[in-house]
Amino acid sequence: MDYYKKRTLNFANSYVLEGYTVAGPKENDGRYNGFFDLALKDDMFAQNTFERAERKMFEHAIEGAIAKANLNEREIDAVIAGDLLNQIVSASFAAKKNHTGFLGIYNACATFAESLIIGSAMLNNGLDNVVCAAGSHFSTAERQYRYPLELGVLRSPVTQWTATGVGATVLSNAAQHKTPRITRGTLGRVIDYGVMDANNMGAAMAPSACDTLVTFFKDTGTTPSDYDVIYTGDLGKLGSDILMDLTAQEGYDVSAQLHDCGASLYWDEQQTYQGGSGAACSALLFNGVLLGRLRRGEYKRILLAGTGALMSPTTSFQGDSIPAITHLVEVTA
Amino acid sequence: MEANREITRENYKQYVFEKMPKSSHWKNMIWAFLIGGTICAIGQAFIFLYSLWFNAQDASVLASATLVFIAALLTGFGVYDSIGRFAGAGSTIPITGFSNAVVSPALEFKAEGYVYGVGAKMFLVAGPVIVNGVTVSVIVALLTLLFGG
């Protein structure tokens, strides 16, 4: 693979102060029951539309993360957030409540990793504290990308289930006791291997995940065994299998370290087929689960690779294949 | 695909196709047959019931209307999609599936109001069926007029 410039950035002072998660009821019934700061009993969140519920989840996650980090909103320089809805309305509308600068970003389900890279780069350039957030909601995504909720359709065995949840992270340039650090990040490229089936997003995203992971290993001279775990965003079970085949072909065996946020989110009995998808997967896992394990010393160094499928229903109906992107961050305890 | 063959951009789709889990056609067909058959049997039962008071033609129209009503009700209660998840074509093809296809977007888009929501989006799923159904029936009618009948 030829490219001209290194895509991997080094971050000197990006400390992960706190993470806060709001999870939907199905997500809290999944494998990580009890790991989330706020678990909803009803995914309407006492609102009259699902879109407003998603917005409120963003508001809660951003405020929650700031409060949990013992900061005042005035100490936050910027909020960097995105979601899956058209015109990223959930994150933008939620940001009405904040008086800080706001950057709305979209890279589908890679949005959370993207926000961590942007946030870390901004801290490198003199900001003090930023909040990075991403999330998704099953009911809003389903109507935008697929069918009405109550339509009785047979789901393909390669489909995934859009996770409901929002995760927010406070990044700071000041270290505290036992604060994990974002040390490096690799920017993703848009890669399209011609997969047409919008149900099979794992297969569409796996080549891009392989590209970013292999680029990171080559740029930094590391190998998969230097890491305790490598978490991909929402490749699902099939996508993870494909990724292992693809990286093995490039000479990197990731099978011992590879986990997928989406695939591990639900129990098999919850009938999500390939597991979870959506921007919420990596945001929930990183803030709810991985951050705690890093602090307790269970992990020393991990990689988080957010994977995003960049299609829209319009491009799919017009017969275009699915481009994908993967952004990666290295987090050191 | 053989273990040693290289995965490239060109053969990637073939590789994915061989790797991905397949739908169980036999299981899907049996479920579709059982559920679809049950719906039709219920319809027939209504025809027998209505035949007590009406002539045969009216009875079948009333039976269809009853099935449409029941399916709309079940869609509203959030039951029909759970049936459709394993019944597949068994619950899509009968007239109940059509009812579900009209009511589910109407419910979903009620949040956008009665004009731009319910009114504009109600036939989101069923619309293509109606358009193509009407088109085909016009073609068939023209052919009948020209060559037969």
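Bear in mind the structure is a predicted one, so any value in this text is a computation, not a measurement. (Residues numbered from 1 in each chain as written. Chains lettered and ligands numbered in written order. Predicted model: local features only at pLDDT ≥ 70, side-chain atom pairs only at ≥ 80, totals over all residues.)

1. Looking at the packing of helix H3 (residues 56–76) of chain B against helix H6 (residues 95–108) of chain B
Residues and elements named next belong to chain B.
1) Next: Packing of H3 against H6 brings their axes to within 8 Å, and their N-to-C directions diverge by 40 degrees. On the basis of their axis angle, the class for H3 and H6 is oblique. For the pair H3 and H6, the sense of crossing is right-handed. In contact with Ser64, Leu67, Val68, Ala71, Ala72, Thr75 and Gly76 of H3, H6 contributes Ile95, Thr96, Ser99, Asn100, Val103, Ser104 and Leu107.
2) Next: Within the contact of H3 with H6, the residues separate by chemical class into seven nonpolar, seven polar and no charged. (Axes fitted to C-alpha atoms, helices over the stretch in contact; angles between N-to-C directions. Helix = DSSP H or I, 4+ residues; strand = E, 2+ residues; numbered from the N terminus. Parallel < 35°, antiparallel > 145°, perpendicular 65-115°, else oblique. Left-handed = near helix turned anticlockwise from the far one by under 90°. Contact = placed C-beta atoms within 7 Å. Nonpolar A, V, L, I, M, F, W, Y, C, P; charged D, E, K, R; others polar.)

2. Overview of the pairing of strand S6 (residues 129–136) of chain A
Residue and element names in this part refer to chain A.
1) Next: Burial within S6 is extensive, with eight of its eight residues counted as buried.
2) Next: Burial along S6 is two-sided: Asn129, Val131, Ala133 and Gly135 facing one way and Val130, Cys132, Ala134 and Ser136 facing the other are all buried.
3) Next: Across five bridges, the pairing between strand S4 (residues 78–82) and S6 is parallel. Each bridged residue has a counterpart across the sheet, and for Ala81 the counterpart in S6 is Ala133. (Buried ≥ 20, exposed ≤ 12 C-beta atoms within 10 Å, placed from the backbone. Pairing = 2+ DSSP bridges.)

3. Concerning helix H2 (residues 25–51) of chain B
All names here are of chain B.
1) Next: In this model H2 runs 38 Å from its N-terminal to its C-terminal C-alpha over 27 residues, within 8% of the 39 Å that 1.5 Å per residue would give.
2) Next: Within H2, the full set of buried residues consists of Trp31, Ile35, Gly36 and Ile39.
3) Next: Turning to H2, the residues buried within the fold contact helix H4 (80–87), helix H5 (89–92) and H6. (Expected span 1.5 Å × (residues − 1).)

4. Focus: the nonpolar core
Across soluble globular proteins, nonpolar side chains show a tendency to be buried alongside one another.
1) Next: Counting 106 residues, the largest nonpolar core has A:Ala61, A:Ile62, A:Val131, A:Ala133, A:Leu304 and A:Ala309 as its most contacted members.
2) Next: A domain split of this core shows at least three residues from each of domain 1 (8–172) and domain 2 (181–332) of chain A.
3) Next: With near-sequence residues (within four places) excluded, A:Ala133 lies in contact with A:Phe58, A:Ala61, A:Ile62, A:Val79, A:Ala81, A:Ala91, A:Ser115, A:Val166, A:Gly167 and A:Ala168.
4) Next: With 10 residues, the next largest nonpolar core counts B:Trp31, B:Ile35, B:Ala71 and B:Ile83 among its residues. (Core = buried A, V, L, I, M, F, W, Y, C linked by C-beta atoms within 7 Å. Domains from an automatic or database assignment.)

5. Remarks on the pairing of strand S14 (residues 324–332) of chain A
Residue and element names in this part refer to chain A.
1) Next: Across the nine residues of S14, eight count as buried, placing the element largely inside the fold.
2) Next: One ladder, built from five bridges, connects strand S9 (residues 181–186) with S14; its direction is antiparallel. Considered in S14, the bridge of Arg181 is made with Thr332.
3) Next: Pairing between strand S13 (residues 301–309) and S14: nine bridges, direction antiparallel. Bridge pairing in S14 links Ala305 to Leu328.

6. Details of the interface of chain B and chain A
1) Next: Contacts between the two partners involve 29 residues from chain B and, on the opposite side, 25 residues from chain A.
2) Next: Listing elements by their share of the side of chain B that touches chain A, those giving two or more residues are helix H1 (12–19), H4, H5 and H6 of chain B.
3) Next: When residues of the side of chain B that touches chain A are assigned to their parent elements, the largest contribution, six residues, is made by H6(B).
4) Next: When the residues that make up the side of chain B that touches chain A are grouped by side-chain class, the tally is 12 nonpolar, 10 polar and seven charged.

So, to be careful, I would describe these as geometric facts and stop short of saying anything about function.
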